[in-house]
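Geometric and topological summary
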Amino acid sequence: MDNEAEIKDSLRKKAKALVERDKDKILQFYAEDAKVVTNEGTYEGRKEIGKYWQFILGQFSEIQLEESEPLVQGNKAAHEYTVKGETVNGRRVEFPLIVAYEFTKDKIQKAHIYYDRLTLAKQAAEGWLGERIVNSVVKRMEEGLERKS
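Rules and cut-offs
- Per-chain numbering applies: the sequence of each chain, read as written, is numbered from 1 onward.
- Residues qualify for local features only when their pLDDT is at least 70, as the model is predicted, and side-chain atom pairs are given and counted only at 80 or more; totals for whole chains, interfaces and linings, by contrast, use all residues.
- The basis for the side-chain values is all heavy atoms of the structure; hydrogens and waters are excluded.
- Aromatic rings from Phe, Tyr and Trp, with only the six-membered ring used for Trp, were paired whenever their centres fell within 6.5 Å, and each pair was classed as stacked if the ring planes differed by under 30 degrees, edge-to-face if by over 60, and tilted otherwise.
- Partly exposed describes any residue whose relative accessible area lies between the buried limit of under 20% and the exposed limit of over 50%, with all areas from a 1.4 Å probe on protein chains only and scaled to the type maximum.
- UniProt positions are given in the numbering used here, feature names are shortened, and annotations may be inferred rather than shown by experiment.
- Starting at the N terminus, helices and strands are each numbered in turn, a helix being any DSSP run of H or I of at least four residues and a strand any DSSP run of E of at least two.
- The source of the domain bounds is an automatic or database domain assignment.
- Whether two residues touch is decided by their heavy atoms; if any such pair falls within 4.5 Å, the residues are in contact.
- Accessible area, probed at 1.4 Å, shrinks when two parts are joined; the buried area is that loss added up over both.
- Only one rule defines a salt bridge in this text: a Lys or Arg side-chain nitrogen within 4 Å of an Asp or Glu carboxyl oxygen.
- Here a polar contact means two N or O atoms within 3.5 Å. Within protein one must be a hydrogen donor candidate and the other an acceptor candidate, and residues neighboring in sequence count only if both atoms are side-chain atoms.
- Multiplying 1.5 Å by the residue count of a helix minus one yields the expected span of that helix.
- As used here, the arc belongs to the directions running from the helix axis to the C-beta atoms.

**So, the packing of aromatic side chains**
- All told, the structure shown has four aromatic pairs when counted by the stated rule.
- Seen from their ring centres, Tyr43 and Tyr52 are 5.1 Å apart, and the 35° between their planes marks the pair as tilted. Neither residue differs from the other here; Tyr43 and Tyr52 are each classed as buried.
- With a centroid separation of 6.1 Å and 40° between ring planes, the pair formed by Tyr101 and Phe103 is classed as tilted. The pair Tyr101 / Phe103 is uniform in exposure class, with both members buried.
- Put simply, the rings of Tyr43, Tyr52 and Trp53 pair up and form one aromatic cluster.

Okay, here's the thing in structure tokens:
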């Protein structure tokens, strides 16, 4: 895929498939030997990438995306999103997500998915113990950022 407009169109269609929660449609955008790197691990080949997307889709009962304009240069692209949704347990979440892509011909060859797991965990934590643990981690990090006068 040499045309930047075609890459942008492909990324928008993939985002639409994610909102529709259609794993098979999502996988059509990846090369057979594609590689996806996420916070959860590295997935190589469409079969493994399919397992990853099945897991992700299984965590949400609803997904919405607010997209920025994809940045494309040659066969590489970056796309920023705000993910809004509801977990299968009924928790509303909202978090930033950035994906860096590399294309070969008309398919995604590599994707690096970056998101703030702590922001997501803070919103999705369940029960007093889960919330307490996550909030303790958040508090420690925020205290570390405070400047002492």
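There's plenty left to go through after this.
**Brief notes about the UniProt feature "domain: SnoaL-like" (unreviewed entry) in the chain**
- UniProt marks residues 16-109 with the feature "domain: SnoaL-like" (unreviewed entry), using the numbering shown here.
- Taken end to end, residues 16-109 is 26% helix and 55% strand, and its first and last C-alpha atoms sit 19 Å apart.

**With respect to the domain arrangement of the chain**
- Split into domains, the chain comes out as domain 1 (1-115) and domain 2 (117-148).
- Put simply, the middle of domain 1 and the middle of domain 2, counted by C-alpha atoms, are 27 Å apart.
- Of the residues lining the interface, 10 residues belong to domain 1; the matching set on domain 2 comes to eight residues.
- Across the interface of domain 1 and domain 2, roughly 820 Å² is buried in total on both sides, 51% from carbon and sulfur atoms.
- Where domain 1 meets domain 2, there are zero salt bridges.
- Across the domain 1-domain 2 interface, the total number found is two residue pairs in polar contact (both at pLDDT 80 or more).
- The biggest single contributor to the side of domain 1 that touches domain 2 is strand 6 (residues 92-104), with four residues.

**A closer look at helix 3 (residues 45-59)**
- Counted at 1.5 Å a residue, the expected span for helix 3 with its 15 residues is 21 Å, and the 22 Å between its end C-alpha atoms agrees.
- Of all the residues in helix 3, the buried ones are Gly45, Ile49, Gly50, Tyr52, Trp53, Ile56 and Leu57. For helix 3, the angular spread of the buried residues around the axis is 165°, confining them to a single face.

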